Amino acid sequence: MIAVLEKKRKFIRFLAILSALFVYLISIEPVKDLLFYPLERHKAFEELNADAIVILGGGAYSVGSLNEDTLNRLFAGYVVYKKTKLPVIVSGGAIERKISEAAAMAQMLKELGVESGKIIEESKSKDTSQNAFYVSEICRQKNFKKLILVTSAYHMKRAEKLFKKTGLNVLPYPADFKKSNHYNIYSFLPKFSNFALSSKAIREYLALLIV
């Protein structure tokens with residue numbers, strides 16, 4: 001019995017050390033960048049010939065304000081709009097909020113000077129798969145065949161796959177890059193911000209497995 005307990009303690013100690021090492025690694029800048037590198041391989045197309053722009057929501061707070069990912073996507077989409085003057089589809093529903101991501105994004109675009117008539121809200125979707133489905137329905141109604149797809153760079157691979165499954169032709173326009181690629185001694189100190197970003201990359205890999 002004592003021998004079994006001793007073996008278990010060794011195993012528990014091993015797991016504890018392994019867990020601590022894992023948490024440390026995903027909390028430092030170089031490992032965080034390593035996780036994002038395969039995800040952030042897309043480059044924006046220089047020729048932005050399309051029928052419309054679609055901006056995917058990346059989250060919002062309960063009061064309706066947009067989180068960092070969504071804001072970065074929105075401003076990238078706004079830059080594309082300024083270059084092309086194409087209609088803009090904002091996609092994102094309301095999860096535990098009174099206002100949808102689409103409505104919050106649309107309001108901000110209007111404040112930036114985008115004409116109301118150029119903005120189309122898709123506020124039913126709860127995830128990327130539904131973003132693609134409901135946007136494709138709008139595109140069929142509007143006869144849009146080709147979209148400029150704006151989302152976070154780490155999210156682009158999965159989003160592009162799901163949109164192409166609907167039959168839409170998409171031009172990726174990645175935004176919100178998470179890699180830094182500049183390191184010093186402090187890059188090897190653990191930070192919660194790196195841990196949170198690494199967790200986001202890991203979740204994205206898991207989501208890609210079921211696309």
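In this text, all values refer to a predicted model and were calculated from it rather than measured experimentally. (Residues numbered from 1 in each chain as written. Predicted model: local features only at pLDDT ≥ 70, side-chain atom pairs only at ≥ 80, totals over all residues. Heavy atoms only, no water.)

Participant: Any chance you could explain helix α5 (residues 128-142) here in plain terms?
Facilitator: A turn of α-helix holds 3.6 residues, and therefore any two residues three or four places apart point the same way. Here α5 contains 15 residues, and its C-alpha end-to-end distance of 21 Å stays within 8% of the 21 Å for a straight helix at 1.5 Å per residue. Inspection of α5 places Thr128, Asn131, Ala132, Val135, Ser136, Ile138 and Cys139 among the buried residues, and these make up the whole buried set. When α5 is viewed along its axis, its buried side chains cluster within an angular range of 165° and face the same direction. More than 90 degrees from the buried face of α5, the exposed residues found are Arg140 and Gln141. Downstream of α5 by a residue or two, asparagine 143 has a phi angle that is positive, lying close to 65°. (Helix = DSSP H or I, 4+ residues; strand = E, 2+ residues; numbered from the N terminus. Expected span 1.5 Å × (residues − 1). Buried < 20%, exposed > 50% of the residue type's maximum accessible area, 1.4 Å probe, protein only. Arc of directions from axis to C-beta.)

Participant: Explain the environment of phenylalanine 14 to me, please; I cannot follow it from the model alone.
Facilitator: Mapped onto the fold, phenylalanine 14 is located in helix α1 (residues 2-25). Separated by 147 residues in the primary sequence, phenylalanine 14 and lysine 161 place their C-alpha atoms 40 Å from one another.

Participant: Sorry if this is basic, but what is going on with the pattern of salt bridges here?
Facilitator: For side chains bearing opposite charge, pairing can occur when the charged atoms are close. As enumerated under the stated definition, the model contains eight salt bridges in all. Among the ionic pairs, lysine 178 bridges to aspartate 69, the shortest N-O distance being 2.7 Å. With lysine 178 in the loop between β5 (169-175) and α7 (192-208) and aspartate 69 in helix α3 (residues 68-84), this residue pair connects regions lying 109 residues apart in the sequence. On the accessibility criterion, lysine 178 (9% relative accessible area) is buried. Residues glutamate 204 and arginine 158 are paired through a salt bridge, measuring 2.8 Å at the closest nitrogen-oxygen approach. Placement of glutamate 204 in helix α7 and of arginine 158 in helix α6 (residues 153-165) is noted, with a sequence separation of 46 residues between them. (Salt bridge = Lys/Arg side-chain N within 4 Å of Asp/Glu carboxyl O.)

Participant: Whenever I open this one, unusual backbone geometry confuses me. Can you help?
Facilitator: As a rule of thumb, non-glycine residues mostly have phi less than zero, and peptide bonds are mostly trans rather than cis. Residues other than glycine seldom take positive phi values, yet lysine 85 does so here, at roughly 60°. Structurally, lysine 85 is set in the loop between α3 and β2 (88-91). Judged by relative accessible area, which is 39%, lysine 85 ranks as partly exposed. Its identity as a non-glycine residue notwithstanding, aspartate 176 has a phi of 60°, on the positive side. On the secondary structure map, aspartate 176 appears in the loop between β5 and α7.

Participant: I keep staring at the side chain of serine 198 and nothing clicks. Help me out?
Facilitator: Counting through the fold element by element, serine 198 comes out in helix α7. A polar contact of 2.7 Å, which involves the side chain of serine 198, links it to the backbone oxygen of isoleucine 26. Those residues within four positions of serine 198 in sequence are excluded, and the remaining contacts are Ile26, Lys32, Leu35 and Phe36. (Polar contact = N/O pair within 3.5 Å; in protein donor to acceptor, adjacent residues only side chain to side chain. Contact = heavy atoms within 4.5 Å.)

Participant: Sorry, what's going on with the packing of α6 against α7 here?
Facilitator: Helix packing geometry: the angle between the two helix axes and the distance between the axes. It is at 10 Å that the axes of α6 and α7 come closest, and there the two elements cross at 10°. Relative to α7, α6 is oriented roughly parallel. Across from Tyr154, His155, Lys157 and Arg158 in α6, the residues of α7 making contact are Lys200, Glu204, Ala207 and Leu208. Looking at the contact of α6 with α7 residue by residue, the classes come out as three nonpolar, one polar and four charged. (Axes fitted to C-alpha atoms, helices over the stretch in contact; angles between N-to-C directions. Parallel < 35°, antiparallel > 145°, perpendicular 65-115°, else oblique. Nonpolar A, V, L, I, M, F, W, Y, C, P; charged D, E, K, R; others polar.)

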